[in-house]
Amino acid sequence: MELRHEVLKEMVLLRERMPDVIGSVASTIDGLTIACDLAEDSSDHVSALASALLAMSRRMMLLAGRGDLEETLVSGTAGYAAFYAAGPTVVLTVLAEPGANLGLLRLEGRKTAAAVAAAAAGKK
């Protein structure tokens, strides 16, 4: 199966497991969209910003001596954007509604990121 289809399948499963998730985007660390599960296609902008945020977050963890980056969570008045390193070459961006269960978001987001990383590595 093509990588885009495998990744999209995992992102749809995430949205089905977590009703507060409104969509997600998987992109390369260079900012190119791999797959998009958003109602409105703003994936190019999300991918570019996610790439920059991933690089900055990884650098912060390195400089702070806190190990490898797992996730970055940004909260706003209209909800959350969570960014997960999905292996060395992919970033998974998950958008969630206000009031989302953040513990469940972290658990399910990491699970999906691991599945995306496995698909990208050709291990799935």
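The model shown is predicted, which means the values in this text are computed figures rather than measured ones.

(A) Region of interest: the pairing of strand β5 (residues 90-96). Across the 7 residues that make up β5, a large majority, 6, are buried. Summarising the sheet, strand β1 (residues 21-28) and β5 pair through 7 bridges and their orientation is antiparallel. Residue Ala 26 lies in a different strand from β5, and its bridge partner there is Leu 92. Taken together, the 6 bridges between strand β4 (residues 79-85) and β5 define a ladder with antiparallel strand orientation. Paired with Ala 82 across the bridge in β5 is Val 94. Between the antiparallel neighbours β4 and β5 lie 4 residues, among them Gly 87 with a positive phi of about 80°.

(B) Spatial organisation of the pattern of salt bridges. With the rule as written, the count across this model stands at 6 salt bridges. Across the pair Glu 2 and Arg 4 runs a salt bridge whose closest N-O atoms are separated by 3.9 Å. Its relative accessible area of 48% is what places Glu 2 among the partly exposed residues. Here Arg 4 falls in the partly exposed class, since its relative accessible area comes to 38%. For Arg 15, the salt bridge goes to Asp 37, with nearest N and O atoms at 2.8 Å. On the criterion of sequence distance, the pair formed by Arg 15 in helix α1 (residues 3-17) and Asp 37 in strand β2 (residues 33-37) is long-range, its members being 22 residues apart.

(C) Quick peek at the environment of Asp 41. Relative to the elements of secondary structure, Asp 41 occurs in the loop between β2 and α2 (43-64). A C-alpha to C-alpha distance of 9.7 Å links Asp 41 and Val 25, two positions 16 residues apart in sequence.

(D) Looking closely at the sheet that holds β5. Pairing in this open sheet of 5 strands is antiparallel, and the strands run β2-β1-β5-β4-β3 from one edge to the other. Only two strands of the sheet have a single neighbouring strand rather than two, namely β2 and β3 (71-76). Between one strand and the next, the sheet's axes are offset by a mean angle of 15°, whatever the strand orientation. Sitting on the sheet, α1 touches β1, β2 and β5, and the angle it makes with β2 is about 35°.

Reading guide: rules and limits
- Residues numbered from 1 in each chain as written.
- Predicted model: local features only at pLDDT ≥ 70, side-chain atom pairs only at ≥ 80, totals over all residues.
- Heavy atoms only, no water.
- Buried < 20%, exposed > 50% of the residue type's maximum accessible area, 1.4 Å probe, protein only.
- Helix = DSSP H or I, 4+ residues; strand = E, 2+ residues; numbered from the N terminus.
- Pairing = 2+ DSSP bridges.
- Salt bridge = Lys/Arg side-chain N within 4 Å of Asp/Glu carboxyl O.
- Axes fitted to C-alpha atoms, helices over the stretch in contact; angles between N-to-C directions.
- Contact = heavy atoms within 4.5 Å.

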